[in-house]
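One-letter residues, chain by chain:
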Amino acid sequence: MQKKIIVYTLCISIILIIPLVILLSHFGLSNKVTCNNSASAERVQEVKKEAVETTVEAAEETDQQTTQPVEASPSETQPYTAAAHNEQTRTVNDGQRENSTDSDTPKIIEVQSSTEYLPILYYHAINDNITTSFKELFVSPSEFEQQMEFLKNNEYTVITFDKLAEYKKYKKPIIITFDDGYEDNYTYAYPILKKFGFNATIFLCTDFIDKPLYLKKSQIEEMLDIINFQSHSISHPFFTQINNEQLELELSESKRLLEELTGSAVDVLAYPTGDYDSRVIKAAKKYYKYAVLNGGGLYRGTDNNYEINRVYIPRGISMTEFKRRINHK
Ligand SMILES: [Zn+2]
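K.L.:
Please provide a residue-by-residue account of the overall build of the chain, values included.
P.N.:
For the chain, the count of helices and strands is seven helices and 14 strands. Counting across all 329 residues of the chain, residues that qualify as buried make up 34%. Looking at the chain alone, contacts between residues at least 24 apart form 69% of all its contacts between residues at least 6 apart.

This is the structure we're talking about:
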């Protein structure tokens, strides 16, 4: 009998204890799973946070890269021979990065006002008929028109060098320049500029005027309504390789002849081939208020007046690249 009681007690205890153990173990396990879930959730949050931070950093980096003009690299120079006057010109790439991600970067960073920088566009010929071995100097008229239309549609204010000192007063200011005085500036660029109501500056070499492929006096006179003509020397020499006397003559005579031809002040110089040094700057200061370079990127108000950057626009760049070069926001 006593044995039976013990067996029954054991059975009842087992029946009661087992569910209790199961219950306890279940709650314990659930709790553990919840913790794990919670830990996983936290990890997911961390991963998400890291991803957001990475995106922000990437955006900041991209923003800096797009807004920071890069200095021209003297090594990025390329010689070419122009058929008409057998000159050698070197064109400095503006040194800005080739690949742009500004169009697909989330705009979560407050952008800098584009008025901080002044793009001074730097063209040569506007022509599909390429007459020198240096093809990229010949921007297609259709590309040029598309670029001008973009400036118009995006409310850029085209100014000239007489407004340079006060460019920050203008909404999205920009300057348009052409070097060498190709005749196609009259044939193709001039009508497009007129269509959009824009001004521009053409840097002329006085020896090239009236030569084949270059602007004629009558064309220059006709263009005076919207074009400001400035100096690119007499004969397009390498300034650092000529003596003081020749240098003075190139600077002073080109200025005098152009002022006589246009009836307007000539006080801006574009160094032929972008070639200059401290001696050239010293001489240029006698005759000119400003001198521009063959690239370098965006102009900032703090730049030296005799080393003014320009934004090189070669043939064949995409509109995305054009926007990036002018720091369009
Ligand atoms: Zn030139």
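Let us keep going from here.
K.L.:
Would you mind going over the packing of helix α2 (residues 141-153) against helix α3 (residues 184-196) in detail, with residue names and values included?
P.N.:
Contact geometry for α2 and α3: axes closest at 10 Å, N-to-C directions at 20°. The angle between α2 and α3 places the two elements in the roughly parallel class. Crossing handedness for the pair α2 and α3: right-handed. Judged by residue contacts, Pro141, Phe144, Glu145, Met148, Glu149 and Lys152 of α2 engage Tyr188, Ala189, Ile192, Leu193 and Phe196 from α3. Here the residues of the contact of α2 with α3 sort into eight nonpolar, no polar and three charged.

K.L.:
Pulling in residues and values, what's your account of the environment of Lys282?
P.N.:
Within the secondary structure, Lys282 is located in helix α6 (residues 278-287). What makes Lys282 exposed here is the crowd of 12 C-beta atoms within 10 Å. Taking the C-alpha atoms as reference points, Lys282 and Tyr306, 24 residues apart in sequence, are found 9.3 Å from one another.

K.L.:
Before we move on, could you go through the pairing of strand β9 (residues 200-204) and cite the residues and values that matter?
P.N.:
Buried residues dominate β9, accounting for five of its five residues. Taking every second residue as pointing to the same face, both faces of β9 are buried, with Ala200, Ile202 and Leu204 on one and Thr201 and Phe203 on the other. Strand direction decides the pairing type here: strand β8 (residues 173-180) and β9, joined by four bridges, are parallel. What sits directly across from Asp179, in β9, is Phe203. Handedness of the β-α-β unit built from β8, α3 and β9 comes out right-handed. Pairing between β9 and strand β10 (residues 227-231): five bridges, direction parallel. Counted as the bridge partner of Thr201 is Asn228 from β10. Note on the crossover from β9 through helix α4 (residues 217-223) to β10: the handedness is right-handed.

K.L.:
Hey, could you go over the nonpolar core for me, with residue numbers and the actual values?
P.N.:
By size, the foremost hydrophobic cluster in this structure holds 66 residues, and its most contacted members are Ile120, Leu121, Ile174, Ile175, Tyr271, Ala291 and Val311. Broken down by element, the residue count for this core peaks at five residues, all from α3.

K.L.:
Tell me what's going on with the environment of Lys329, and back it up with residues and numbers.
P.N.:
Among the secondary structure elements, Lys329 is positioned in the segment after α7 (319-325). For the pair Lys329 and Asn154, spaced 175 residues apart in sequence, the C-alpha to C-alpha distance is 10.0 Å.

K.L.:
Kindly report on the confidence of the model for the chain, identifying the contributing residues and their values.
P.N.:
In this model, the chain carries a mean pLDDT of 77, and residues with pLDDT of at least 70 account for 65%. Under a pLDDT of 50 for its full length, residues 16-112 has, in the predicted model, 91 contacts with residues more than four places off or in other chains.

K.L.:
Describe the pairing of strand β14 (residues 308-312), and please don't skip the residues or the numbers.
P.N.:
Here β14 lies mainly inside the structure; five of its five residues are buried. Taking every second residue as pointing to the same face, both faces of β14 are buried, with Ile308, Arg310 and Tyr312 on one and Asn309 and Val311 on the other. Where strand β4 (residues 120-123) meets β14, two bridges bridge the pair, whose relative direction is parallel. Directly across from Leu121, in β14, lies its bridge partner Val311. Summarising the sheet, strand β12 (residues 290-296) and β14 pair through two bridges and their orientation is parallel.

Scoring rules and cut-offs
- Sequence order sets the numbering: in each chain, residues are counted from 1 along the sequence as written.
- Under the rules for a predicted model, residues below a pLDDT of 70 receive no local features and side-chain atom pairs below 80 are neither given nor counted, while totals for whole chains, interfaces and linings still include all residues.
- Numbering of helices and strands runs from the N terminus, with a helix taken as a DSSP run of H or I at least four residues long and a strand as a DSSP run of E at least two residues long.
- Buried, partly exposed and exposed are defined by the number of other C-beta atoms within 10 Å of a residue's own C-beta, namely 20 or more, between the two limits, and 12 or fewer respectively, with C-beta atoms placed from the backbone.
- Contact between two residues is assigned when their C-beta atoms, built from the backbone, lie within 7 Å.
- Axis definition: a line fitted to C-alpha atoms, limited for helices to the stretch in contact. Angles are taken between N-to-C directions and run from 0 to 180 degrees.
- Note that the term roughly parallel is reserved for angles under 35 degrees, roughly antiparallel for angles over 145, roughly perpendicular for angles of 65 to 115, and oblique for everything else.
- For a crossing to be left-handed, the near helix must be turned anticlockwise from the far one by less than a right angle; the clockwise case is right-handed.
- Basically, the charged four are Asp, Glu, Lys and Arg, the nonpolar ten are Ala, Val, Leu, Ile, Met, Phe, Trp, Tyr, Cys and Pro, and anything else, Gly included, counts as polar.
- We treat two strands as partners when DSSP finds at least two bridges between them.
- Whether a crossover is right-handed comes down to one check: with the strands pointing away from the viewer, does the path from the first strand over the helix to the second run clockwise; if it does, it is right-handed.
- Buried Ala, Val, Leu, Ile, Met, Phe, Trp, Tyr and Cys residues whose C-beta atoms connect them within 7 Å together make up a nonpolar core.
- pLDDT expresses, on a scale from 0 to 100, how confident the predictor is about each individual residue.

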